[in-house]
Amino acid sequence: MLFLGNLFYSWQATRLTEKYGHKYTAQPYGLNTAGGFPFIFGIIYAVYFSYTPVCPADGSGCDPLEEENNRVELAWRVCVAANFITGIINIVLGFFGPTMMRVFPVAAMLVPLAGIGFTWLALNQIAPNFATPAIGLLPVFLIFTQYYGRGRFHICNGFYLPEALPIVVFGVIAGWAYGTNTTVTDPVSPGIWAGGAFIEGFSDIGSYIGVVLPFSIAASFVDMMCLVSAQKAGDPFPIGETMVADGIGTLIGAMLGSPFGTVVYVGHPVHKRVGAKTGYSLMNGCIYLVLCLSGVFPVILSLIPVIAIGPIIFIFGLMICEECTLHIAQRHHSAIFFGLFFGVCDYIYTQFGPANTNNGPNAMSKGSALSCMLWVAIIVYTIDRKWVHAGVFCMVAAIFAAIGLIHQNQAFDNFTTGFQDVNNTSPFQFMIGYITMAALCAFMKFLQVVNPKKLQPDEEGYENDHGYLPEISEKGVDNLFETWWDPIKGDLDKDTTVKTAKERFQDDDDV
């Protein structure tokens, strides 16, 4: 699927470039990075450690090897079935994507990606470098000299070494010389596997559906967030087409036994910034095809030390955070930093698993992408004094919390457990909290209507007018779909072969 998906997105970018006269960068296609980590730690781990072995009735005891195999296979089957569900959700959201773009503010789509970039793609990737500082710090520093300081090494006749090459070369030499790498892994048996694991997984998924559903929904929403990230970088793609294509790719991958979705992933703005166009995606697909079918992936990973790979991924996470601040109105920057709290809590509890789980940070870590998206939307609309919008998102959060899609280990479980305990984080407690927020929004809207500001800031007596301020409306802050195709309208204006932009857009499924 990686080859076919990259082929499709290379073709999509080429088609849009010819259609609109705008130089597109193809969307990067691969494993669902944002959904992969939650699937590993939220689904596979949960199923693996909850497995109860059935020992022979004769009292001879369980075979440890057989028990371990059963644990692994159960966790894999459930995750493959979860991936299949994610594909279906992706396809369904593809038909509602444009509508959702009309109601979600831009920040709500970008900040959750920044949280993933800040933790999993940035902090998590350079942690090994600081664990081996003698050889690990220089590759991190090279990121800033090459990408930000523009200190690329000139070879001859205007040819410069690619930014990542010095990092990889130093990392490989230093890793082997220092002793962090000592052996080369044998290649695995190549081939393609296809079976019924995704069907078998549905017979096992029943008791785990509460764990699976929040992660599947979050993984699908991240796909939409990547589209917003690409649009803000200057490349608007058809929303429905992309999400349906990703859903189909994920379904096929699940049928072939993949526990992780194959989708457009975080990083389009970085590829565009470094000059990638439409062909790089096709090249990626060909490389994936050769490496996967030849079975040499483990060999390459054992040859290149983690201190060389980590900083390359780190730059993607860093630039995603940077893009977030560039495309979100300055008055909403407090929402960015608040939204990052959810990603940080998710990282801490996923990576290190603190013992105390009945607390606020643990609750913030559960369903972190969805929680972040909802809270950022609430904060943005609060800052803009759009109290009806903010109240609606508070009520959506209350429903999600009651179901257990956010703040809980699993959905549809323990709704009122400990609801009389003041230090409890049950779904009931969170639901009450969000409902009170919605009630405050309704009260603020009432005050805004019955006692509004009557004077403008430039009018005399404004400081003595103690009415409530009106809403702030700014194009491009919310109702993103209204301005979805704006980045390419300048290119259309240069093309005199078409009368209006509408004639170009009318064939796209999102207009």
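Here, residues in each chain are numbered from 1, in the same order as that chain's written sequence. Two thresholds apply to this predicted model, a pLDDT of at least 70 for residue-level local features and 80 or more for giving and counting side-chain atom pairs, whereas whole-chain, interface and lining totals are computed over all residues. With hydrogens and water stripped out, all remaining heavy atoms of the structure feed into the side-chain values.

1. What about the overall build of the protein?
In step 1: Helix and strand assignments follow DSSP, with helices taken as H or I runs no shorter than four residues and strands as E runs no shorter than two, numbered in order from the N terminus. Secondary structure summary: the protein contains 20 helices and four strands in total.
In step 2: Here the globule rule is a power law, 2.2 Å times the number of residues to the power 0.38, and the radius of gyration is based on C-alpha atoms. Taken over C-alpha atoms, the radius of gyration comes to 25 Å for the protein, in line with the 24 Å a tight globule of 511 residues would show.
In step 3: For the protein, the spread of C-alpha atoms along the three principal axes comes to 80 × 75 × 50 Å.
In step 4: Of all 511 residues assigned to the protein, the portion counted as buried reaches 47%.
In step 5: Restricting the contact set of the protein to residue pairs at least 6 apart, pairs at least 24 apart contribute 77%.
In step 6: Note on areas: Shrake-Rupley, 1.4 Å probe, and residue coverage restricted to the protein chains presented here. Carbon and sulfur atoms provide 65% of the accessible area of the protein, an area that totals close to 23900 Å².
In step 7: Residues counted as positive are Lys and Arg, residues counted as negative are Asp and Glu, and His and the chain ends are not counted. Charge positions are represented by NZ for Lys, CZ for Arg, CG for Asp and CD for Glu. Averaging the coordinates of the 25 positive side-chain charges in the protein and doing the same for the 39 negative ones gives two points 10 Å apart. Accessible area is worked out with a 1.4 Å probe on protein chains only. A residue is then buried under 20% of its type maximum, exposed over 50%, and partly exposed in between. Here a residue-residue contact requires only that any non-hydrogen atoms of the pair lie within 4.5 Å.

2. Observations concerning helix 5 (residues 133-148)
In step 1: Here helix 5 is 16 residues long and its end C-alpha atoms lie 22 Å apart, about the 22 Å a rise of 1.5 Å per residue gives.
In step 2: Listed in full, the buried residues belonging to helix 5 are I135, G136, P139, V140, L142, I143, Q146 and Y147. To estimate how far a helix should reach, multiply one less than its number of residues by 1.5 Å.

3. Looking at the nonpolar core
Taken as a class, soluble globular proteins show a tendency for nonpolar side chains to be buried jointly.
In step 1: Ranked by size, the top nonpolar core spans 98 residues in total, and within it M101 and W484 carry the most contacts.
In step 2: Among the elements that take part in this core, helix 8 (residues 209-232) stands out by supplying twelve residues, more than any other.
In step 3: Each residue touching M101, except ones within four places of it in the same chain, is listed here: M109, M224, V228, I239, N479, L480, F481 and W484.
In step 4: Formed by eleven residues, the second largest nonpolar core is a distinct cluster that contains I126, V140, I167 and M319. Note on terminology: a nonpolar core comprises buried Ala, Val, Leu, Ile, Met, Phe, Trp, Tyr and Cys residues joined through side-chain atoms within 4.5 Å.

4. Description of the packing of helix 4 (residues 106-131) against helix 16 (residues 368-383)
What describes two packed helices is the angle between their axes and the distance between those same axes.
In step 1: Think of each axis as a best-fit line through the C-alpha atoms, taken over the contacting stretch in the case of a helix, with angles from 0 to 180 degrees between the N-to-C directions. Here helix 4 crosses helix 16 at 140 degrees, and the two axes come no closer than 8 Å. Here helix 4 and helix 16 pass one another in a crossing that is right-handed. Residues A107, A108, M109, V111 and P112 of helix 4 form the contact with helix 16, whose own contacting residues are A369, C372, M373, V376, A377 and V380.
In step 2: Looking at the contact of helix 4 with helix 16, its residues break down into eleven nonpolar, no polar and no charged. A crossing counts as left-handed when the near helix is turned anticlockwise from the far one by less than a right angle, and as right-handed when that turn is clockwise. The nonpolar class holds Ala, Val, Leu, Ile, Met, Phe, Trp, Tyr, Cys and Pro. Asp, Glu, Lys and Arg form the charged class, and all remaining residues, Gly among them, are polar.

5. Points about the packing of aromatic side chains
In step 1: Two rings from Phe, Tyr or Trp (for Trp, the six-membered ring) form a pair when their centres sit within 6.5 Å of each other. Planes less than 30 degrees apart are called stacked, planes more than 60 degrees apart edge-to-face, and all others tilted. Counted under the stated rule, the structure contains 19 aromatic pairs.
In step 2: Centre to centre, the rings of Y20 and W485 are 5.4 Å apart; their planes meet at 55 degrees, and the pair counts as tilted. Here Y20 is found in helix 1 (residues 2-20), whereas its partner W485 is found in the loop between helix 18 (427-450) and helix 19 (489-494), with 465 residues between them in sequence. Grouping residues by exposure puts Y20 and W485 together as buried.

6. What to know about helix 17 (residues 387-403)
An α-helix turns once every 3.6 residues. As a result, residues three or four positions apart point the same way.
In step 1: For helix 17, spanning 17 residues, the distance from its first C-alpha to its last is 24 Å, which sits close to the expected 24 Å at 1.5 Å a residue.
In step 2: The complete set of buried residues in helix 17 reads W387, A390, G391, F393, C394, A397, A398, F400 and A401.
In step 3: Just downstream of helix 17, G404 is the residue with a positive phi angle, here 100 degrees.

7. Some points on the pattern of salt bridges
In step 1: Within this document, salt bridges are pairs made up of a side-chain nitrogen of Lys or Arg and a carboxyl oxygen of Asp or Glu, the two lying within 4 Å of each other. Counted by the stated rule, this structure contains eight salt bridges.
In step 2: We note a salt bridge from R15 to E241, for which the minimum N-O separation is 3.0 Å. With R15 in helix 1 and E241 in helix 9 (residues 239-255), the pair connects residues that are 226 residues apart, well separated along the chain.
In step 3: Taking relative accessible area as the criterion, R15 reaches 22% and is therefore assigned partly exposed.
In step 4: Taking the shortest distance from any N to any O, the salt bridge between E471 and K445 comes out at 3.7 Å. Of this pair, E471 sits in the loop between helix 18 and helix 19 while K445 sits in helix 18; the two residues are 26 residues apart in sequence, bridging distant segments of the chain.
In step 5: The class of K445 is partly exposed, set by a relative accessible area of 25%.

8. A closer look at the state of the cysteines
In step 1: Two cysteine sulfurs form a disulfide in these notes if their separation is within 2.5 Å. As enumerated under the stated definition, the model contains zero disulfides in all.
In step 2: Counting only cysteine sulfurs, C324 is the nearest neighbor of C226, a cysteine outside any disulfide, at a range of 13 Å.
In step 3: By relative accessible area, which is 7% here, C226 ends up buried.
In step 4: Of all cysteine sulfurs in the structure, the one in C372 sits closest to C345, which takes part in no disulfide; the separation is 11 Å.

9. Some details on the environment of E18
In step 1: Relative to the elements of secondary structure, E18 occurs in helix 1.
In step 2: Here the alpha-carbon distance between E18 and E482, two residues 464 residues apart in the chain, equals 23 Å.

10. Let's talk about the environment of A82
In step 1: Inspection of the secondary structure puts A82 in helix 3 (residues 64-103).
In step 2: Along the primary structure A82 and G433 are separated by 351 residues, whereas in three dimensions their C-alpha atoms are 30 Å apart.
In step 3: With near-sequence residues (within four places) excluded, A82 lies in contact with F39, I43, I205, V212 and S216.

11. Section: the side chain of S371
In step 1: Structurally, S371 can be placed in helix 16.
In step 2: When its relative accessible area of 0% is taken as the criterion, S371 is described as buried.
In step 3: Ignoring sequence-local partners within four residues, the contact set of S371 consists of F342, K366, I406 and H407.

12. Some points on the confidence of the model for the protein
In step 1: Residue-level confidence of the predictor, termed pLDDT, takes values from 0 up to 100. Mean pLDDT over the protein works out to 85, with 90% of the residues at or above the 70 mark.
In step 2: Low confidence marks residues 496-502, where pLDDT is under 50. Its contacts with residues over four positions away, or in another chain, come to four contacts.

13. Some remarks on the packing of helix 6 (residues 165-178) against helix 13 (residues 306-327)
In step 1: Remark: helix 6 packs on helix 13, axes separated minimally by 7 Å, with the N-to-C direction vectors making an angle of 160 degrees. With respect to their mutual orientation, helix 6 and helix 13 come out roughly antiparallel. Considering how the two elements wind past one another, helix 6 and helix 13 form a crossing that is right-handed. Here helix 6 contributes I167, V168, G171 and V172 to the contact with helix 13, which in turn contributes I307, A308, P311 and I312.
In step 2: Looking at side-chain class alone, the contact of helix 6 with helix 13 contains seven nonpolar, one polar and no charged residues. The labels follow the angle: roughly parallel below 35 degrees, roughly antiparallel above 145, roughly perpendicular from 65 to 115, and oblique for the rest.

14. Things to note about the side chain of T483
In step 1: Tracing the backbone shows T483 in the loop between helix 18 and helix 19.
In step 2: Every residue in contact with T483, bar those within four places of it in the chain, is listed here: Q231, K475 and G476.

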